[in-house]
Amino acid sequence: MTNDNINHSPCVILVEPQLCENVGMAARAMKNCALKELRLVSPREDHLSDKARAASSNSEEILEQAKVYSSTLEAIGDLQYVLASTARHRDQTKLVLDASDGAREMYKHIMQGAKCGIMFGPERTGLRNEDICLADGIINVPLNPEHCSLNLSQAVLLLGYEYYKLTIGHRSAELVTNHSHAAPKEKVLLFCKHLEDKLSRFANYNDEQKREKLVINLRNIFTRSELTEQELNTLYGIINYLGKKD
């Protein structure tokens with residue numbers, strides 16, 4: 001497997017897009033997901049117009065490098081694996097995948113050296129039967145049955161994102177501490193002790209049974225919160241301030 005195959009991504013094929021602004025927004029969605037190759041089949045408006053460029057939001061290079069074709073067959077002629085994005089199966093015998101499974105299939109084929117593409121139809125009607133029959137499978141995104149249509153750029157972003165996730169691997173949850181550090185348990189428990197000392201004058205705290213439960217509850221609150229040292233200092237300041245007010 002070559003590095004070229006690893007770095008390759010599926011091309012986006014817009015079949016007869018109607019509005020240049022939608023093409024521009026689709027290019028923006030592509031750049032969000034590191035998709036670079038845009039193919040247009042008989043676009044109704046100029047994809048290099050000022051409106052399209054403005055809608056692309058700094059993704060003009062995708063528009064400038066886009067290739068225009070006169071037919072869908074011509075646009076997919078050099079591809080080995082093509083999926084069609086549509087909400088309707090159109091009574092055809094096709095493998096139907098959701099967005100994540102479709103992305104995995106494309107990723108698998110690309111890792112094997114194949115050139116892949118995703119087809120999207122016109123904004124108003126979607127892909128026609130004669131376009132869908134050219135695809136290896138259908139990507140169908142399960143949405144609210146009462147309103148399951150997506151606009152063009154939404155569809156490109158959704159499917160592009162599913163593919164992009166595969167290229168960057170799984171990312172675990174991360175605590176962002178904003179230049180502070182997670183406080184070690186020793187400091188958290190010292191803070192709890194400080195708080196408990198401040199509570200010693202309250203009647204409930206001097207009741208042994210109630211005090212034990214209160215201490216456990218307080219320590220549970222603060223030890224499970226992944227407090228930073230900065231947050232601990234803030235809490236110290238609040239408690240000391242309230243103590244002075246009394």
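The coordinates are above.
Residues numbered from 1 in each chain as written. Predicted model: local features only at pLDDT ≥ 70, side-chain atom pairs only at ≥ 80, totals over all residues. Heavy atoms only, no water.

1. Digging into the sheet that holds strand S6 (residues 116–120)
Part 1: The strand order across the open sheet built from 7 strands is S3-S2-S1-S6-S4-S7-S5, with neighbouring strands paired in parallel fashion. Each edge of the sheet is formed by a strand with only one pairing partner; in this case those strands are strand S3 (67–69) and strand S5 (95–97). Across this sheet, the average inter-strand angle for adjacent strands is 25°, counted without regard to direction.
Part 2: This element, helix H8 (residues 152–168), spans strand S1 (11–15), strand S4 (81–85), S6 and strand S7 (137–139) of the sheet and lies at about 150° to S6. (Pairing = 2+ DSSP bridges. Helix = DSSP H or I, 4+ residues; strand = E, 2+ residues; numbered from the N terminus. Axes fitted to C-alpha atoms, helices over the stretch in contact; angles between N-to-C directions. Contact = heavy atoms within 4.5 Å.)

2. Section: the nonpolar core
Considering soluble globular proteins, one finds that nonpolar side chains tend to be buried as a cluster.
Part 1: In terms of nonpolar packing, the biggest core is built from 34 residues, with Val-12, Leu-14, Met-30, Leu-38, Met-106, Phe-120 and Val-156 touching the most fellow members.
Part 2: Among the secondary structure elements, those contributing two or more residues to this core are S1, helix H2 (20–32), strand S2 (38–41), helix H4 (60–65), S4, helix H6 (99–111), S6 and H8.
Part 3: No other element matches H2, which puts 6 residues into this core.
Part 4: In this structure, Met-106 is in contact with Pro-10, Tyr-81, Leu-83, Cys-116, Gly-117, Ile-118 and Tyr-163, ignoring residues within four places of it in sequence.
Part 5: In this structure, Cys-11, Val-15, Val-41 and Leu-79 belong to the second largest nonpolar core, which totals 15 residues. (Core = buried A, V, L, I, M, F, W, Y, C linked by side-chain atoms within 4.5 Å. Buried < 20%, exposed > 50% of the residue type's maximum accessible area, 1.4 Å probe, protein only.)

3. Points about H6
Part 1: Here H6 contains 13 residues, and its C-alpha end-to-end distance of 18 Å stays within 8% of the 18 Å for a straight helix at 1.5 Å per residue.
Part 2: If you check which residues of H6 are buried, you get Ala-99, Gly-102, Ala-103, Met-106, His-109, Ile-110 and Met-111. (Expected span 1.5 Å × (residues − 1).)

4. A closer look at the packing of helix H9 (residues 185–198) against helix H11 (residues 208–223)
A pair of packed helices can be characterised by two numbers: the angle between their axes and the separation between those axes.
Part 1: Look at H9 against H11: their axes get within 10 Å of each other, and the N-to-C directions meet at 140°. Taken together, the axes of H9 and H11 are oblique relative to one another. The interaxial crossing formed by H9 with H11 has right-handed handedness. Listed contacts from H11 to Lys-185, Val-188, Leu-189, Phe-191, Cys-192, Leu-195 and Glu-196 of H9 are Val-215, Leu-218, Arg-219, Phe-222 and Thr-223.
Part 2: Grouping the constituent residues of the contact of H9 with H11 by class yields 8 nonpolar, 1 polar and 3 charged. (Parallel < 35°, antiparallel > 145°, perpendicular 65-115°, else oblique. Left-handed = near helix turned anticlockwise from the far one by under 90°. Nonpolar A, V, L, I, M, F, W, Y, C, P; charged D, E, K, R; others polar.)

5. Brief notes about the packing of aromatic side chains
Part 1: As enumerated under the stated definition, the model contains 3 aromatic pairs in all.
Part 2: Relative to Phe-222, the ring of Phe-191 has its centre 5.1 Å away and its plane inclined at 80°; by these criteria the two rings are edge-to-face. On the criterion of sequence distance, the pair formed by Phe-191 in helix H9 and Phe-222 in helix H11 is long-range, its members being 31 residues apart. Neither Phe-191 nor Phe-222 differs from the other in exposure class; each is buried.
Part 3: Here a set of aromatic residues connected by ring pairs shows up, and it is made of Phe-191, Phe-222 and Tyr-236. (Phe/Tyr/Trp six-rings, centres within 6.5 Å; stacked < 30°, edge-to-face > 60°.)

6. Some thoughts on the pairing of S4
Part 1: Counting buried positions along S4 gives 5 out of 5 residues, so the element sits mostly inside the fold.
Part 2: Residue alternation in S4 divides its side chains into two sets, Tyr-81, Leu-83 and Ser-85 and Val-82 and Ala-84, and both sets are buried.
Part 3: Bridge count between S4 and S6: 5 bridges; the pairing is parallel. Counterpart to Ser-85 in the pairing with S6 is Phe-120.
Part 4: One ladder, built from 3 bridges, connects S4 with S7; its direction is parallel. Residue Ala-84 lies in a different strand from S7, and its bridge partner there is Ile-138.

7. What to know about unusual backbone geometry
Part 1: Phi at Ser-42 takes a positive value of approximately 45°, unusual for a residue other than glycine.
Part 2: Among the secondary structure elements, Ser-42 is positioned in the loop between S2 and helix H3 (50–56).
Part 3: Despite not being glycine, Asn-58 shows a phi value in the positive range, around 70°.
Part 4: In this structure, Asn-58 sits in the loop between H3 and H4.

8. Here's the deal with H9
Part 1: Here H9 is 14 residues long and its end C-alpha atoms lie 20 Å apart, about the 20 Å a rise of 1.5 Å per residue gives.
Part 2: Along H9, the residues that are buried comprise Val-188, Phe-191, Cys-192, Leu-195 and Glu-196. When H9 is viewed along its axis, its buried side chains cluster within an angular range of 140° and face the same direction. The exposed set on the far side of H9, more than 90 degrees from its buried face, consists of Glu-186 and Leu-190. (Arc of directions from axis to C-beta.)

The values reported here are purely geometric and, on their own, carry no functional implication.
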